[in-house]
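Residue strings, one per chain:
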Amino acid sequence: MFDGIKKRVVCMWFPRFASDRVLRARPVDGPFAITLKSNNTERIYCLNETAERLGLTRGMSFADARAFCPDLISQPARPDLDARFLATLRRWATHYCPWVGRDGVDGLVLDVTGSTHLWGGEAEMLADIQSRAMRAGLTLRLGCAETRGAAWAYAHYGAGEEALTDLPVAALRLEDTTVTALQRLGLRSIGDLAEAARAPLARRFGPDLLLHLDQAMGSIPEPVMPESEPPSFATRISLPEPVGLTEDVMGLTARLLTPLCDKLNRHEMGARRLTLTLRRVDQGSQQVELRLAAPMRDPHRILPLFERGVEDVDAGFGIDQIRLEATQVEPLPVQQIGSAQTSPDQLNDLITRIGTRIGLDNVQRFLPADSHIPERSFAIAPAAFSTPDSAWSYLRPRPLHLFPPEPIAGYSAEPPVRFRWRRMSLTTGRAIGPERIAPEWWLPDEAWRSGVRDYWRIETREGRRLWLYHTPQNPGWFVQGEFA
Amino acid sequence: MGLRTMCAGMCQLCLTPIYMLDIASHRSLIAARRCSCYVPIMRVDFHTVFPLRRARVHEVYGPGSMSFAAMAAAGACLWIRESWLSDTLTPQGLLPMFDPALLLLARPKDQTDALAVAEEALKDGALPFVVLEITRPLNLREGRRLQLAAKAGGTTGLCIIPEGMGSNATDTRWRATPVFDAAEEDSTLMRWEIKRNKSGTLGAWNVRWDQKARRVHVVSPVRE
């Protein structure tokens, strides 16, 4: 918990958020409503004060509202624009304190602990917020308390200077059904609820009710989550004296470009589109736009590309402010520079060059295949038309070198102690096996006509490590591979 | 360890050819460190030759040459093998060494094409390692061209040669033979001998492949 200073939380609630947003741009004198289509009916989502005074309510069907009030002006709701507007307001609110979070779709919550004195006190700060919101054309209700829950309760249900315990239970951010049920029990205010026995309440209404009560009372903390600002990739410079020469503008652009590229580098981003805005002394501004073929953040490469656009700019009486913004950025990870790293492009180029000499089909790669038959446990595919796959299964050692079976002399099911292979006389030092592999009945294969095979790994005293197999159904011994 | 193997042709102290030396007296000279250009004369260290020197082409022969190539590459490589060869390299066999997805296989129809592909790949440098299976001896020009290509691309080449088909242009020539390991099952014990070394002395080691660390371990120095 906080030591020394009492925590103060301000809750800002815009009761007519959606309609205020629209009316700010286009004021309407008469009744006005925002409609939202839900369950196949147009319902009133938000409305202005005039409409409310005429008896319209939220959630009323739009057809009924039109019947009540024929001159109702309406507009469909735009929740996306509302969210964007709320984000703007959130950013504006950070000038009261840094700790600002959203509260639902039409509210903000500010943890103003320790920043009220900057405005001359809490009351002055709230008055300032209220007056600025009024100037912006927004209806605003403020609540200020020691906890977030209490601030919310004051903002939504508070009328004057009453205590938190006097507010209705609905001020605890509860569902409507819970509120109704509590009222039926006779628990009308928060004070009633706080004095009631907790265990039956928890049993009947679940843990949420008591959680919200405790949060409002301050016995369970509820932090305000500030949102992280998305990085803005823009820099600007204001000049004491206007400039007009191309070299000066280019020099200033270079000075702006370096910090911008540093910032892009920190965020591992690259600019795809850059806008250079040159503001003239006479308040006119001109823009130079640069579109790049690939994301880039190297100032030495970007700067010369601006030259052409800057030369076309009419400086007029001089330019006194320059702003450079990367309007479109794309992820550009940090890359290793040097010859050790091969890019896929370089490899593809090599494949193409080799392919032109020996045929693209002859540049191949191994791909895993689902089979126990040694020859079919991998596929060989042209590298140009396949992607590498590393899903290899490694159950038992397999030879590095596989060749067509070569018969050797052997008479029993046990591996021969001495045998001749490729004109070499070999002695078995160690035999590991057998590993029985049965032919795949669904794929007739001439080589596997002799039936199941018992594979043995033979380590000879001469050093060679061979892969032998015995065919018990058709007695015979063969060498098929070498673990070199 | 005999002096002959240590010096391999000439004394490293005074660069006198070995056949001109009185071995016994020279040995005492070394013991007294009286040569002014004294560098410790010892057998060439494995780690100075084994990750094969970059930007050079090397050769290997013997029954263990395929695994030598796989262990030397141990990563992205191009393996050039003529298409008429009926035996194959298996990816499962490569698995203990490296991920077979890193391997590219080129199947040229004859050795001329194989050499052209090898030169192209060595010069390009997109793949750091190129293995070339040779079926007929290289002449000096071909060997030299490969060396120059490797130098240009900064890549390593390795020719798997049949015994006795070595080229004079090679940087090192190795002989790899598997060795029976009486102590351990499924062993990868091998004897690697360096038979020719343009910039160093010769040596022989018993090595095995450590599958976990994916590197070659020298088991124990081989006694002559």
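That block above? That's the structure.
Residues numbered from 1 in each chain as written. Chains lettered and ligands numbered in written order. Predicted model: local features only at pLDDT ≥ 70, side-chain atom pairs only at ≥ 80, totals over all residues.

**Some words on the packing of helix α6 (residues 111-124) of chain B against helix α7 (residues 140-153) of chain B**
Packed helix pairs are characterised by how far apart their axes lie and by the angle those axes make with each other. Residues and elements named next belong to chain B. Put simply, the rule is: Lines fitted to the C-alpha atoms define the axes, with helices restricted to the stretch that makes contact. Angles between their N-to-C directions range from 0 to 180 degrees. By the criteria applied, helices consist of DSSP H or I runs no shorter than four residues and strands consist of E runs no shorter than two, each listed in order from the N terminus. Roughly parallel refers to an angle under 35 degrees, roughly antiparallel to one over 145, roughly perpendicular to one between 65 and 115, and oblique to any angle outside these ranges. Remark: residues whose backbone-derived C-beta atoms lie within 7 Å of one another are considered to be in contact. Nonpolar residues are Ala, Val, Leu, Ile, Met, Phe, Trp, Tyr, Cys and Pro. Charged residues are Asp, Glu, Lys and Arg, and all others, Gly as well, are polar.
Look at α6 against α7: their axes get within 6 Å of each other, and the N-to-C directions meet at 25°. The angle between the axes of α6 and α7 places the two elements in the roughly parallel class. Residues Leu115, Ala118, Glu119, Leu122, Lys123 and Asp124 of α6 form the contact with α7, whose participating residues are Glu142, Arg145, Leu146, Ala149, Ala150, Ala152 and Gly153. Here the contact of α6 with α7 is built from residues that sort into 7 nonpolar, 1 polar and 5 charged.

**Quick word on the nonpolar core**
How we decide: Any nonpolar core is a set of buried residues, restricted to Ala, Val, Leu, Ile, Met, Phe, Trp, Tyr and Cys, that join up through C-beta atoms within 7 Å. With C-beta atoms placed from the backbone, the exposure class of a residue follows from how many other C-beta atoms lie within 10 Å of its own: 20 or more, buried; 12 or fewer, exposed; in between, partly exposed.
One finds Ala69(B), Ile80(B), Ala118(B), Val130(B) and Val131(B) to be the most contacted residues of the largest nonpolar core, which totals 77 residues. Per element, the largest residue contribution to this core is 7 residues, and it comes from helix α4 (residues 65-73) of chain B. Judged by nonpolar contacts, the second largest core, of 56 residues, contains Met12(A), Ala33(A), Cys144(A) and Tyr154(A).

**Focus on the pairing of strand β14 (residues 401-408) of chain A**
The following threshold applies: Strand pairing is assigned whenever DSSP detects at least two bridges linking the two strands.
Relative to strand β3 (residues 88-89) of chain B, β14(A) is paired through 2 bridges, and the arrangement is antiparallel. When the bridges of β3(B) are listed, His401(A) appears paired with Leu89(B). Bridge count for β14(A) against strand β19 (residues 477-482) of chain A is 5 bridges, and the pairing is antiparallel. Along β19(A), the bridge assignment pairs Pro407(A) with Phe478(A).

**So, helix α12 (residues 299-311) of chain A**
Where we set the bar: What a helix should span is 1.5 Å times the count of its residues minus one. We define the bend at any residue as the angle between the axes fitted to the seven residues before and including it, ending there, and the seven starting there.
An ideal rise of 1.5 Å per residue puts 18 Å on 13 residues; α12(A) measures up with 19 Å between its terminal C-alpha atoms. The largest bend in α12(A) amounts to roughly 25° and is located at Leu305(A).

**Details of the sheet that holds strand β10 (residues 285-296) of chain A**
Residues and elements named next belong to chain A. On the basis of which strands lie adjacent, the open sheet formed by 4 strands has the order β8-β11-β9-β10 and antiparallel pairing. The open sheet has two edge strands with one neighbour each: β8 (234-243) and β10. Strand-to-strand, the axes of this sheet are offset by a mean angle of 15°, without reference to chain direction. Here 8 bridges tie strand β9 (residues 269-280) to β10, and the two strands are oriented antiparallel to one another. Within β10, the position partnered with Ala271 by the bridge is Met296. This element, helix α11 (residues 246-266), spans β8, β9 and β11 (319-331) of the sheet and lies at about 35° to β11. Sheet strands in contact with α12 are β9 and β10, and its direction is about 145° off that of β10.

The quantities given are spatial measurements derived from coordinates; they are silent on function.
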